[in-house]
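What follows is the residue order along each chain.
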Amino acid sequence: MAYLEKMSEELRRKVVSLPYRTGLWISESDTTGGDDADTAELEALETIITSFGEDFLKSEFVEEVMQETLDNMDLWDVWGEDLDSVLDDSKAVSEYLLSQVPEKELHSYKQNLMDIATSIAIAYREDDSGSGQYLYRIAIYFDFYMKSLWSTLTTNQAPNLQHVLNISRDEKKALSLLAKALDIDLKKALREAMP
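Note that residues are indexed from 1 along each chain, following the sequence as it is written. Since the coordinates come from a predicted model, pLDDT governs what is reported: local features require at least 70, and pairs of side-chain atoms require 80 or more to be given and counted, while whole-chain, interface and lining totals use all residues. Working from all heavy atoms in the structure, the side-chain values ignore hydrogens and water.

A few points about the nonpolar core
For step 1, the next point in the chain: Ranked by internal contacts, the top residues of the largest apolar core, which has 44 residues, are Val-15, Ile-26, Phe-61, Leu-97 and Tyr-109.
For step 2, the next point in the chain: Sequence-distant contacts of Leu-97, that is, excluding residues within four places in its chain, are made with Met-7, Val-15, Phe-61, Leu-106 and Tyr-109. By nonpolar core we mean a set of buried residues, namely Ala, Val, Leu, Ile, Met, Phe, Trp, Tyr and Cys, connected to one another through side-chain atoms within 4.5 Å. Between buried and exposed lies partly exposed: a residue is buried under 20% and exposed over 50% of the maximum accessible area for its type, with that area taken using a 1.4 Å probe on protein chains only. Every residue pair with non-hydrogen atoms within 4.5 Å of one another is taken to be in contact.

As structure tokens, this is what we get:
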């Protein structure tokens, strides 16, 4: 079923540009990594969009969206100009799609945006140096080991320490804001997004 054909041009553009814009927005949410981090995250974003566009295991709607996102690579520079509206656009698109696509397709679309954002956040380890850094690292390790213990007791998948450490404080804040805009549970979305 061709979902995008039934949308207005403006809505279609927002739906199709959000995967790229969301990834870029997460990348720019943390400025501590410098040029190396920016370059690595942009390369990761292109790779992620490409691989997600070629992934036929996603929902029909997500597959259609990602293929069009990939087909419009020549517009990515233009799409990257107005990142301040990513959260508002994510919320508005999600609310509109609620009446336009099946719930399962909408969930897949929102999870796809979180997958992209999470993948970008773990693409490069920015340096979170600064005040409170020591306590922040202790909190991360404590949280990781508590989740590991819980996963052992419940037979859930253990968290990946490398992924946990790669997400900076600013990126976690941005992921939280994105999850809120998409009206999805952040912890569940991160579990689904991380291998």
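Here we look at the pattern of salt bridges
For step 1, the next point in the chain: Just to be clear on terms, a salt bridge is a Lys or Arg side-chain nitrogen sitting within 4 Å of an Asp or Glu carboxyl oxygen. A complete count under the given rule lists four salt bridges for this structure.
For step 2, the next point in the chain: Residue Glu-10 pairs with Lys-14 through a salt bridge whose shortest N-O separation is 3.7 Å. Placement of both Glu-10 and Lys-14 in helix H1 (residues 9-28) is noted, with a separation of four residues, approximately one turn of the helix.
For step 3, the next point in the chain: Ionic contacts of the salt-bridge type, sharing partners, join the residues Glu-10, Lys-14, Arg-21 and Asp-89 into one network. The way it works is that DSSP assigns letters per residue, a run of H or I at least four long becomes a helix, a run of E at least two long becomes a strand, and they are numbered from the N terminus.

Let's talk about the confidence of the model for the protein chain
For step 1, the next point in the chain: Confidence along the protein chain averages 77 in pLDDT terms, with 67% of residues attaining 70 or more.
For step 2, the next point in the chain: Per-residue confidence from the predictor is reported as pLDDT, which spans 0 to 100. Per-residue pLDDT, averaged within each element of the protein chain, yields its smallest value for helix H8 (residues 161-166) (49) and its largest for helix H5 (residues 86-97) (95).

Some points on the layout of surface pockets
For step 1, the next point in the chain: Here a cavity means grid points, on a 1 Å grid over the protein atoms only, where a 1.4 Å probe fits yet cannot get out; a pocket means an open set of points with protein on both sides within 12 Å along at least five of seven lines; lining residues are those with an atom within 4 Å of a point. Grid points are joined across faces, edges and corners, and a volume is the space filled by probe spheres set on the points. Roughly 170 Å³ of internal volume is contained in the second largest pocket.
For step 2, the next point in the chain: Along the walls of the second largest pocket sit Lys-91, Ser-94, Glu-95, Leu-98, Leu-106, Lys-110, Lys-180, Ala-181, Leu-182 and Asp-183, which together make up its complete lining.
For step 3, the next point in the chain: At the level of elements, H5, helix H6 (103-121) and helix H9 (169-182) are the ones that each hand at least two residues to the lining of the second largest pocket.
For step 4, the next point in the chain: Throughout, the ten residues Ala, Val, Leu, Ile, Met, Phe, Trp, Tyr, Cys and Pro are labelled nonpolar, Asp, Glu, Lys and Arg are labelled charged, and all others, Gly among them, are labelled polar. Looking at side-chain class alone, the lining of the second largest pocket contains four nonpolar, one polar and five charged residues.

Some details on the packing of aromatic side chains
For step 1, the next point in the chain: In this scheme Phe, Tyr and Trp rings, the latter by its six-membered ring, pair at centre separations within 6.5 Å, and the angle between planes marks the pair as stacked below 30 degrees, edge-to-face above 60, and tilted otherwise. Applying the stated criterion to the full structure yields three aromatic pairs.
For step 2, the next point in the chain: Each ring, one from Tyr-20 and one from Trp-76, has its centre 4.6 Å from the other, and the planes form 25°; the classification is stacked. Taken together, the residues span a long stretch of sequence, with Tyr-20 in helix H1 and Trp-76 in helix H4 (residues 76-79) at a distance of 56 residues.
For step 3, the next point in the chain: Given a relative accessible area of 7%, Tyr-20 falls into the buried group.
For step 4, the next point in the chain: Residue classification places Trp-76 among the buried positions, given a relative accessible area of 6%.

Thoughts on H5
For step 1, the next point in the chain: Helix span, as expected, comes to 1.5 Å for every residue beyond the first. Across its twelve residues, H5 extends 16 Å between first and last C-alpha, which sits within 8% of the 16 Å expected from 1.5 Å per residue.
For step 2, the next point in the chain: For H5, the complete set of buried residues consists of Val-86, Asp-89, Ser-90, Val-93, Ser-94 and Leu-97. Along the long axis of H5, the arc covered by the buried residues comes to 130°, so they all point the same way. Turned more than 90 degrees from where H5 packs its buried face, Asp-88 and Glu-95 sit exposed. The arc under discussion is defined with respect to the helix axis, by the directions toward the C-beta atoms.

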